[in-house]
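Secondary and tertiary structure notes
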Amino acid sequence: MRPQDRERIQVEVVTRVVDRYVAEARRAPDGHLETLINDTLYHERRRLERENRKKKSTQAQLAFYQGIQRRLRHASPRDLRALLDELATAFVAEVVGNFNERVYQLSTRLIPSGLSVLLTAASPGRLLDPETYRGDVSDHVQLQGEVEHARGLLDRGTLIVVPTHLSNLDSVIMGYAAYLVGLPPLLYGAGLNLFTNPVISYFMRNLGAYRVDRKKSATLYKDVLKEYATCSLEMGYHNLFFPGGTRSRSGGVELKLKKGLLGTSAAAFVNNLRAGRPKPNLYVVPCTLSYKLVLEAETLIGDYLTEVGKSRYIIEDDEFSKPRRILNFLSNVVSLDAKIVVRFSEPLDIFGNRVDREGRSLDPHGRPVDPTSYVLSGGEPIHDEKRDAEYTNEVADEVVRAFLRDNVVMSTHLVAQALFGMLRRGNPELDLYRILATGGQTPSFSMHELYLETDRLIATLKTLPGGPRLAEELLTGDAQDVVGDALKHFAIYHTHAAAVRRGDRVFPEDRNLLLYYGNRLNGYDLGRRRSA
């Protein structure tokens, strides 16, 4: 957020949110606003109970909420509005981001070197090698897809870029990718945990990131957050939302999206029309990020399995003693000699229609349609919560289809899928969690078997009409090349390689990682196609 807009957006957000609640209170039974304020205080107290009480920031927040509570007891209707205003003001002051042009220019010079270190360092020793810092980041970040199409829409409306999300590196990668393809800086929401590192926090605070505290569960806070995104879109700030909400724990492409922020697009569009803004349209640009290796893969798949396996997995985990480790910074940055593909999909309007290069919405038959007609009632653009929720569902479905279509499958994904499939077929009596814990009856497979399965999977993927896309090594190499490339990458980064070759046999070593990388092929119904 540019400095000249910071105060303006805070005032606008608070005014809109409070006015909306006050209007609701007029139609609701007595006590509506008191209930809302008490609900906010309750959720905030619960959150602060889990914080360090000795921290000055915690003490200050407790004192603030205690003051609100005291005044609430004898509050008049005017006082209630003032209390609500204070709470909303405090929330939006915490959320609002900043954009500093000088920091942006500095970051565009620093990020290439920083990413080169992250992506090329084959060992800690290489961090001391000056050559490491001279790498061309464009060798490692490949930009694909509808780049020109997206860039051409900048003159016709506001972009909402919605990428898949695998790693905390994604924000950095997407910011730099936007710079490389000629998009302006993108506003995006970042979890409060990402602001704990003072260096990263400095750049994020000054490059437009706004803070999202996922521990805050009060309805008022969530409404402030959504209104902030809505206002920023109306002010012409191009936004980046991660519609999966958080990093994919399973490693798979997100098939179910969080629609809160995505749903702000309809409200912003209606407000743009009402205000008579010259470029009211908003365009949704799905985007997929594909990594051969993911920095946080071991932690993420551990979290995923603990969550979905519930007590059953935890018991297996206790029995076979598979402790999870927390990745520290150095272990994250070394040993990645991998490509990252950023692929921009065909832009959509906020109703899920395709958009041509002139910014016109197209129906399924390719005929232009007027997006304004979607929000009119009696000839006027109006807000309709239920209607807009349906529109958000439709655009979310199209985003998921774009994710599946433009997901770029790499050697590590494919070989992991092949090997984990072989494990499952070799142990039909075992469920997923027993296979993960024990590996079943077959500790290894012949390389010949793996080559055949790799060939079969590549052939199957090439026949699928709705994606995914195949990375270059899958299009140009034979099965031996693909397997060799995957095993090389598995060996250079993770604490335990997902799979290793010994002689003419391959051994699944870290089955959790095999599941994680293989999950990138979920959503394509490969199991049914194999048995067909």
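What counts as what
- Residues numbered from 1 in each chain as written.
- Predicted model: local features only at pLDDT ≥ 70, side-chain atom pairs only at ≥ 80, totals over all residues.
- Heavy atoms only, no water.
- 1 Å grid on protein atoms, 1.4 Å probe; cavity = no way out; pocket = protein on both sides within 12 Å on 5 of 7 lines; lining within 4 Å.
- Points joined across faces, edges and corners; volume = space filled by probe spheres on them.
- Helix = DSSP H or I, 4+ residues; strand = E, 2+ residues; numbered from the N terminus.
- Nonpolar A, V, L, I, M, F, W, Y, C, P; charged D, E, K, R; others polar.
- Pairing = 2+ DSSP bridges.
- Polar contact = N/O pair within 3.5 Å; in protein donor to acceptor, adjacent residues only side chain to side chain.
- Contact = heavy atoms within 4.5 Å.
- Buried < 20%, exposed > 50% of the residue type's maximum accessible area, 1.4 Å probe, protein only.
- Salt bridge = Lys/Arg side-chain N within 4 Å of Asp/Glu carboxyl O.
- Axes fitted to C-alpha atoms, helices over the stretch in contact; angles between N-to-C directions.
- Parallel < 35°, antiparallel > 145°, perpendicular 65-115°, else oblique.
- Left-handed = near helix turned anticlockwise from the far one by under 90°.
- Core = buried A, V, L, I, M, F, W, Y, C linked by side-chain atoms within 4.5 Å.

The probe, sized like a water molecule, is rolled over the atoms to show the empty space still left. Quantified by volume, the second largest pocket comes out at close to 1300 Å³. The set of elements that each furnish at least two residues to the lining of the second largest pocket consists of helix H2 (32-49), helix H3 (56-72), helix H7 (170-180), strand S3 (187-191), strand S4 (209-212) and helix H9 (219-234). In the lining of the second largest pocket, the residues fall into 16 nonpolar, 16 polar and 15 charged.

To continue, consider the sheet that holds strand S18 (residues 505-508). Hydrogen bonds between backbone groups are what pair the strands of a sheet, and the pairing can be parallel or antiparallel. Ordered in space as S15-S18-S17, the 3 strands form an open sheet in which the pairing is antiparallel. Here the strands that pair on one side only, and so sit at the sheet edges, are strand S15 (445-446) and strand S17 (499-502). Bridging between S17 and S18 involves 4 bridges; their strand directions are antiparallel. By the bridge assignment for S18, Arg501 is matched with Val506.

Right, let's get into the environment of Arg73. Structurally, Arg73 can be placed in the loop between H3 and helix H4 (77-95). Separated by 39 residues in sequence, Arg73 and Glu34 have C-alpha atoms that sit 9.2 Å apart.

With respect to the helices and strands, the residue Ser232 is situated in helix H9. Among the polar contacts made by the side chain of Ser232, one reaches the main-chain carbonyl oxygen of Ala229 at a distance of 2.8 Å. Beyond its immediate sequence surroundings of up to four residues, Ser232 is in contact with Met1, Ile9, Leu187, Tyr237 and Asn239.

To continue, consider the pairing of strand S6 (residues 282-291). In terms of burial, S6 is a largely internal element, 10 of the 10 residues being buried. Where burial is concerned, the two faces of S6 agree: the one with Leu282, Val284, Pro286, Thr288 and Ser290 and the one with Tyr283, Val285, Cys287, Leu289 and Tyr291 are both buried. As defined by bridge partners, strand S2 (residues 158-163) adjoins S6 across 6 bridges and the pair is classed as parallel. Bridge assignment links Leu159 to a residue of S6, and that residue is Tyr283. Bridge count between S6 and strand S8 (residues 348-349): 2 bridges; the pairing is antiparallel. Paired with Tyr283 across the two strands is Asp349, which belongs to S8. Two elements, S6 and strand S7 (residues 340-344), share 5 bridges in a ladder whose sense is antiparallel. Bridge pairing in S7 links Cys287 to Phe344.

This part is about the pattern of salt bridges. One side chain can pair with another of opposite charge once the charged atoms of both are near each other. All chains considered together, the criterion is met by 32 salt bridges. Note that Glu12 is salt-bridged to Arg16, the shortest N-O span being 2.9 Å. Note that Glu12 and Arg16 are positioned in helix H1 (residues 3-27) at a spacing of 4 residues, about one turn of the helix. Between Glu296 and Arg247 there is a salt bridge, and its shortest N-O distance comes to 3.2 Å. Taken as a pair, Glu296 in the loop between S6 and helix H11 (297-320) and Arg247 in the loop between strand S5 (239-240) and helix H10 (264-275) lie far apart in primary sequence, 49 residues in all. Each of the salt bridges in this network shares a partner with another, and the network as a whole consists of Glu12, Arg16, Arg20, Glu227, Glu234 and Arg277.

This part covers the packing of H3 against H4. Relative orientation of the contacting elements H3 and H4 amounts to 165°, with a least axis distance of 10 Å. When the interaxial angle is binned, H3 and H4 end up roughly antiparallel. Read as a crossing pair, H3 and H4 show a hand that is left-handed. Along the contact surface, H3 presents Phe64, Tyr65, Ile68, Arg71 and Leu72, while H4 presents Leu80, Leu83, Glu86, Leu87, Ala90 and Phe91. Class assignment of the residues belonging to the contact of H3 with H4 gives a composition of 9 nonpolar, no polar and 2 charged.

In this fold, Leu419 is placed in helix H14 (residues 411-426). For Leu419, a relative accessible area of 0% gives the class buried. What Leu419 contacts, discounting residues up to four positions off in sequence, is Phe445, Leu450, Ala499, Val506, Pro508 and Leu514.

With that settled, consider empty space enclosed by the protein. The full count for this structure, using the stated rule, is 1 cavity of 30 Å³ or more. Approximately 40 Å³ is the volume attributed to the largest cavity. Together, Leu166, Gly251, Tyr291, Val294, His413, Tyr516, Tyr517 and Arg520 line the largest cavity. A per-class count over the lining of the largest cavity returns 5 nonpolar, 2 polar and 1 charged.

Counting 145 residues, the largest nonpolar core has Val342 and Phe490 as its most contacted members. Not counting residues within four places of it along the chain, the set of residues in contact with Val342 comprises Val141, Gln142, Leu143, Gln144, Ile173, Met174, Ala177, Cys287, Thr288 and Leu289.

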